[in-house]
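# Breakdown of the fold
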Amino acid sequence: MASIRPHLTRTDGRGLGHTLSAPLASVGGSIAGARRRFFPTSASLWLSGALLLGGLAMGVLVSMQWQARPLSTVSASSPVTRQSDREIVASTIARLESEQADLKKRIADLRVALSSTQGTDAQRKTSLRDLNNEIARQRIASGVVGLHGPGLVATFDDSTARSIPENEDPANYILHEYDLRDVLNALWIAGAEAISVNGERIVSSTSIYCVGTTVICNATRLSPPYEVRAIGDPQAMAAALQGSPQMEKFNQRAQIYDLPVKVEQSQNVSVPAYNGSFVFKYAEVPGQE
């Protein structure tokens, strides 16, 4: 800064005033420049304050937006740490173990159900087998199935006499339905299990009767010789035909009037099934209409 030294002149008052004002003006201009350099004006201060306030407001706004961000966004953008990895693995293991336990329980339940079903099925099969066996026995007893086994074949025929003496009854020289009934009764008593006459199975509803000189069995006409097939003990049945009370009269007449009788024992005698029908007009099963 230039040194200021007053320069006074002894002139009139007006001149003195002008002489003093010049140095003072120079000093004032210097001070004003210094102020402008070191102290900002009021407009500059206002602009600086506005910028400062704007920056602060922007910072606060950004901070508030950051804090208001959703947790999922922060989590998604946050790096996965080892701790979070362990938590995910542990959660997955727990879930799989729970599913495994449920599956094991389901398998155990299914095995129990399967075992119960198999037991029920076995019982049903046993019951069905027993029922089928019983039906088979009843079919055998009713005569609707053919059978074979040890037994005998007996053949009976009319007399072989060429002539009938006078005053003799011709009926003594032929076989009658009662002769066949005596034969059947003797065989049943001796333990026969199945019998047929000329291919007709003898069952509970069989009737044997005569129409003239013709024998009817199961509504079928029979003619001699009469072949009787019986399944049972061969010796017991043969003995019954020869010496049972039921056969006594027939055997006497067979000797007198030459009625041929032939009995053959066998270990394999076949008896056919009954081919007729069973008719029940009055009998009913209780509880069924």
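Note: the structure precedes this text.
Residues numbered from 1 in each chain as written. Predicted model: local features only at pLDDT ≥ 70, side-chain atom pairs only at ≥ 80, totals over all residues. Heavy atoms only, no water.

### Focus on the overall build of the chain
For the chain, the count of helices and strands is seven helices and eight strands. Taking all 289 residues of the chain together, the buried fraction comes to 21%. Taking as baseline every contact in the chain between residues at least 6 positions apart, the subset at least 24 positions apart corresponds to 75%. Split by element, the accessible area of the chain, about 21,500 Å² in all, is 57% carbon and sulfur. (Helix = DSSP H or I, 4+ residues; strand = E, 2+ residues; numbered from the N terminus. Buried < 20%, exposed > 50% of the residue type's maximum accessible area, 1.4 Å probe, protein only. Contact = heavy atoms within 4.5 Å. Areas by Shrake-Rupley, 256 points an atom, 1.4 Å probe, with all protein chains shown as cover.)

### Section: the sheet that holds strand β1 (residues 147–156)
Strand order in the open sheet formed by five strands is β3-β2-β7-β1-β8, with antiparallel pairing between adjacent strands. Because the sheet does not close on itself, it has two edges, and the strands there are β3 (200–201) and β8 (261–271). The sheet contact formed by β1 and strand β7 (residues 226–231) spans six bridges and is antiparallel. Bridge pairing links F156 to Y226 in β7. (Pairing = 2+ DSSP bridges.)

### Some remarks on helix α5 (residues 177–189)
The end-to-end C-alpha distance of α5, which contains 13 residues, comes to 18 Å, matching closely the 18 Å that a straight helix rising 1.5 Å per residue would cover. For α5, the complete set of buried residues consists of E177, D179, L180, V183, L184, A186 and L187. Where α5 ends, the next residue or the one after it, G191, has phi of about 100 degrees, a positive value. (Expected span 1.5 Å × (residues − 1).)

### Things to note about the nonpolar core
Core analysis: the biggest nonpolar cluster contains 29 residues, and L187, I195 and V228 have the highest contact counts within it. Among the secondary structure elements, those contributing two or more residues to this core are β1, α5, β2 (194–197), β5 (214–217), β7, α6 (234–243) and α7 (248–256). It is α5 that contributes the most residues to this core, five residues altogether. Counting five residues, the second-largest nonpolar core is a separate cluster that includes V145, A194, I231 and V271. (Core = buried A, V, L, I, M, F, W, Y, C linked by side-chain atoms within 4.5 Å.)

### Quick notes on the pairing of β1
With respect to burial, β1 is a largely interior element, seven of its ten residues being buried. Judged from the nine bridges that link them, β1 and β8 form a sheet pairing that is antiparallel. Bridge pairing in β8 links L152 to Q265.

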